[in-house]
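Here's the letter readout for the chains.
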Amino acid sequence: EGMALPQRILFPPEEICMDWQQRQRPGAGLCNLGSTCYINVILQCLTYTPPLANYLLSRDHSQLCHRQGFCMMCIMEAHVRKVLRSSASVIWPRAVVRDLKFIGEEFEPDMAGDAYEFLRCALEAMQRACLSGSSNVDISSQTTTIIHQIFGGFLKSRVTCLRCQAVSDSYKAFLHVLLDIKAPSSLTTALEDFVTCKKLDGKYCLKCSKCEKKVTASKRVTVHCVPKVFTVCLERAADHTGKKISKIVEYPEYLDLRPYMSDTAGEPLLYSLYALVVHSGDTCLDGHFFCYTKASNGLWYKMDDESVDNCGIHAVLRQQAYLLFYAR
């Protein structure tokens, strides 16, 4: 409805397996190569994303990859195999750090970085790798790669002219959602705020195609198509100075996305928490990142660089979470 259909399906969604192919204890911890805790947490959360890990462990990508030089999918494939298949208790993520500048120009091997920025750039680098060798792919088909089939959904933006009531809808693909937590005290209230109608007036006035002039309008953003993996960043930067919002924002183990959809009627859309990233530190510009992930054996582990320690769900749900990963 209102969205262009892809001319090609680059990866068939029915081939995505949401459950672990085999169950085992967690893999290796990751050595901190200077200031690389922000990289380590994202590598661990991606490693324990079942549909992505299943695909990377199958080696389907590298067997068909003709890319010369840097390929983020090949790097991730080798990394995930090493973490989950080797008997080592700690591994060095050297390949990722070596090719950091290809993942994102802003990253330096010996400088601290932000976990959300690294996640964003890593997913984009994997997306570029999936499109490599597919020339002249239309925009809609670009959202049918394995990366978009796992992490991607669509947001619908409905703008209503408050003068003539004309409605215009637009759609935007997303791989992750950034939520404002200045007022909300829980993930669900932050999502409610996200989908609440906003008034556009003053300098935010839009030109109405029917009235043919700038008018006061209302805008509502909703989740139109849900992803298989829903990734959320709780925006902890209070402003551009690096001040941090350090409050606890409650988040559930199981999340229903149905109330935040364009169409709220129908069955619940249930998601289960499987990973989260925590930032410890007084400001957003310093501190340390660690994460919690659910291994294929169904147990939770705290992963803090080299250390991998068993923990319970109560500890997991009491954190000052920064990034949350939920699977359908």
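Computed from a predicted model, the values in this text were never measured in an experiment. (Residues numbered from 1 in each chain as written. Predicted model: local features only at pLDDT ≥ 70, side-chain atom pairs only at ≥ 80, totals over all residues. Heavy atoms only, no water.)

Some points on the nonpolar core
Within the largest apolar cluster, 64 residues are counted, with the highest numbers of intra-cluster contacts made by Met73, Phe118, Ile147, Val277 and Leu323. The residues touching Val277, leaving out its near neighbours within four places in the chain, are Val41, Ile42, Cys45, Ala115, Phe289, Phe290, Cys291, Ala321, Tyr322, Leu323 and Phe325. Listed in part, the 34 residues of the second largest apolar core include Leu191, Tyr260, Leu269 and Leu324. (Core = buried A, V, L, I, M, F, W, Y, C linked by side-chain atoms within 4.5 Å. Buried < 20%, exposed > 50% of the residue type's maximum accessible area, 1.4 Å probe, protein only. Contact = heavy atoms within 4.5 Å.)

Considerations on the packing of helix α1 (residues 37–47) against helix α4 (residues 72–85)
It is the contact of α1 with α4, at a shortest axis distance of 10 Å, that shows an interaxial angle of 80°. In this view, α1 runs roughly perpendicular relative to α4, as classed from their interaxial angle. In this structure, α1 contributes Leu43, Gln44, Leu46 and Thr47 to the contact, and α4 contributes Met76, His79, Val80, Val83 and Leu84. Here the contact of α1 with α4 is built from residues that sort into six nonpolar, three polar and no charged. (Axes fitted to C-alpha atoms, helices over the stretch in contact; angles between N-to-C directions. Helix = DSSP H or I, 4+ residues; strand = E, 2+ residues; numbered from the N terminus. Parallel < 35°, antiparallel > 145°, perpendicular 65-115°, else oblique. Nonpolar A, V, L, I, M, F, W, Y, C, P; charged D, E, K, R; others polar.)

Some points on the pattern of salt bridges
One pass over the full model with this rule turns up five salt bridges. The partner of Glu117 in a salt bridge is Arg120, and the shortest N-O contact between them spans 2.6 Å. Placement of both Glu117 and Arg120 in helix α7 (residues 115–131) is noted, with a separation of three residues, approximately one turn of the helix. The partner of Arg120 in a salt bridge is Glu124, with the nearest N and O atoms 3.5 Å apart. With Arg120 and Glu124 both in helix α7, this residue pair falls four residues apart, about one helical turn. Look at Arg120 and you get partly exposed, because its relative accessible area is 24%. Under the relative-accessibility criterion, Glu124 is labelled partly exposed at 34%. Connected via shared salt-bridge partners are Glu117, Arg120 and Glu124. (Salt bridge = Lys/Arg side-chain N within 4 Å of Asp/Glu carboxyl O.)

Remarks on the sheet that holds strand β6 (residues 198–200)
The pairing of strands in a sheet happens through backbone hydrogen bonds and is either parallel or antiparallel. Spatially, the four strands line up as an open sheet ordered β4-β3-β9-β6, and their pairing is antiparallel. The outermost strands of the open sheet, each flanked by one partner alone, are β4 (167–174) and β6. When the angles between neighbouring strand axes are averaged without regard to direction, this sheet yields 30°. Inspection of the sheet shows strand β3 (residues 153–161) paired to strand β9 (residues 217–225) by eight bridges, in the antiparallel sense. Each bridged residue has a counterpart across the sheet, and for Leu155 the counterpart in β9 is Val223. (Pairing = 2+ DSSP bridges.)

Section: unusual backbone geometry
The phi angle at Gln165 is positive, at roughly 70°, despite the residue not being glycine. Inspection of the secondary structure puts Gln165 in the loop between β3 and β4. Although it is not a glycine, Asp305 adopts a positive phi angle of roughly 50°. Tracing the sequence through the fold places Asp305 in the loop between β14 (300–304) and β15 (307–311). For Asp305, a relative accessible area of 11% corresponds to the buried category.

Considerations on the packing of α1 against α7
Helix-helix packing is characterised by the crossing angle of the two axes and by the distance between the axes. Between α1 and α7, the shortest axis-to-axis distance is 9 Å and the interhelical angle comes to 55°. Between α1 and α7, the angle is such that the two are oblique. Relative to α7, α1 is oriented so that their crossing is right-handed. Across from Tyr38, Ile39, Val41, Ile42 and Leu46 in α1, the residues of α7 making contact are Ala115, Phe118, Leu119, Leu123 and Met126. Considered class by class, the residues forming the contact of α1 with α7 number ten nonpolar, no polar and no charged. (Left-handed = near helix turned anticlockwise from the far one by under 90°.)

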